[in-house]
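One-letter residues, chain by chain:
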Amino acid sequence: MRRSPLRSTVRFSHHPQALIIPDDIRDTMAAHIAASHPHEAGGYLACTRRDSRLYATDHVPLDNVSPRPRRRFVATDTGAIPAGPRVFYHSHTAASTPSGLTGTDRQNIRDRFALVVFAPHGEPYSYRLFRLGLFNWQEVPVMGEASQEEPARLPRLV
């Protein structure tokens, strides 16, 4: 009996290694955040998967129905939520709020991907994406995409 030779395995990551947000989608998201300021804003980015990256293809803004809209983002399902893969995003607008996930975010966000846009003065200063793992949230790089250039990492405050 002959044994078959060992085959080398090619490992494919099933976790996206980055989120790419094209300039036009980032601009519409920033405009939504600026128009809502000083209240927190949010919504979804519809995405496609290419290679090991998520690419944002559409922006779906949602209204903030929180009784404390300056400190929390709460939305209701309007039927406009895109199918997966998708990224839920919301802004943090208070300078005292961290640029990452808060304890409230960790407990209440039910989507697999959460993008926090830190915009204490209405203009986005920082983009931080988190992926829900088995037990905790893990950060994933957020990249911008200019027309003909290689994607560059978007600003990130810690």
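Summarised in this report is the structure supplied together with it.

## With respect to the environment of R49
Argument step 1. Topologically, R49 is positioned in strand 2 (residues 42-50).
Argument step 2. Taking relative accessible area as the criterion, R49 reaches 37% and is therefore assigned partly exposed.
Argument step 3. Sequence separation between R49 and P85 is 36 residues, and the spatial gap between their C-alpha atoms is 7.5 Å.

## Observations regarding the sheet that holds strand 8 (residues 142-145)
Argument step 1. Across the sheet, nine strands lie side by side as 7-6-5-4-2-3-1-8-9; this open sheet has mixed pairing. Looking along the sheet, the strands with just one partner apiece sit at the ends: strand 7 (137-140) and strand 9 (152-153).
Argument step 2. In terms of strand pairing, strand 2 meets strand 3 (residues 53-62) through nine bridges, oriented antiparallel. Paired with R50 across the strands is R53, a residue of strand 3.
Argument step 3. Seen against the sheet, helix 1 (residues 23-36) touches strand 1 (18-22), strand 2, strand 3, strand 4 (86-92), strand 5 (113-118), strand 6 (126-132) and strand 8 and runs at an angle of roughly 30° to strand 3.

## Overview of the pairing of strand 7
Argument step 1. Across four bridges, the pairing between strand 6 and strand 7 is antiparallel. Following the sheet pairing, L129 is matched in strand 7 by V140.
Argument step 2. Linking strand 6 back to strand 7 in an antiparallel pair, the connection comprises four residues.

## A short note on the nonpolar core
Argument step 1. Counting 21 residues, the largest nonpolar core has L19, I21, M29, L45, V87 and L115 as the members making the most contacts within it.
Argument step 2. Among the elements of the structure, strand 1, helix 1, strand 2, strand 3, strand 4, strand 5 and strand 6 are those that each provide at least two residues to this core.
Argument step 3. In this structure, L62, F73, I109 and V116 belong to the second largest nonpolar core, which totals eleven residues.

## A short note on the pairing of strand 1
Argument step 1. Counted residue by residue, strand 1 has five buried out of five residues, so it is predominantly covered.
Argument step 2. What you see with strand 1 is no split at all: A18, I20 and P22 on one side and L19 and I21 on the other are buried throughout.
Argument step 3. Alignment of strand 1 against strand 3, held across three bridges, turns out to be parallel. Bridged to I20 within strand 3 is Y55.
Argument step 4. Judged from the four bridges that link them, strand 1 and strand 8 form a sheet pairing that is parallel. Looking at strand 8, one finds that I21 is bridged to G144.

## Observations concerning the side chain of E40
Argument step 1. Turning to its location among the elements, E40 is positioned in the loop between helix 1 and strand 2.
Argument step 2. Setting aside chain neighbours within four positions, we find E40 in contact with N64, P69, R70, R71, R72, F73, H90, S91, H92 and T93.

## Quick notes on the pattern of salt bridges
If charged atoms from side chains of opposite charge come close, those side chains can pair.
Argument step 1. Here the structure, examined in full by the defined rule, presents three salt bridges.
Argument step 2. Across the pair R86 and D111 runs a salt bridge, and its minimum N-O distance is 2.9 Å. Here R86 is found in strand 4, whereas its partner D111 is found in the loop between helix 2 (103-108) and strand 5, with 25 residues between them in sequence.
Argument step 3. The buried category is assigned to D111, whose relative accessible area is 11%.
Argument step 4. Among the ionic pairs, R128 bridges to E139, the shortest N-O distance being 2.8 Å. Of this pair, R128 sits in strand 6 while E139 is found in strand 7, placing the two residues eleven residues apart along the sequence.

Definitions and limits used
Residues numbered from 1 in each chain as written. Predicted model: local features only at pLDDT ≥ 70, side-chain atom pairs only at ≥ 80, totals over all residues. Heavy atoms only, no water. Helix = DSSP H or I, 4+ residues; strand = E, 2+ residues; numbered from the N terminus. Buried < 20%, exposed > 50% of the residue type's maximum accessible area, 1.4 Å probe, protein only. Pairing = 2+ DSSP bridges. Contact = heavy atoms within 4.5 Å. Axes fitted to C-alpha atoms, helices over the stretch in contact; angles between N-to-C directions. Core = buried A, V, L, I, M, F, W, Y, C linked by side-chain atoms within 4.5 Å. Salt bridge = Lys/Arg side-chain N within 4 Å of Asp/Glu carboxyl O.

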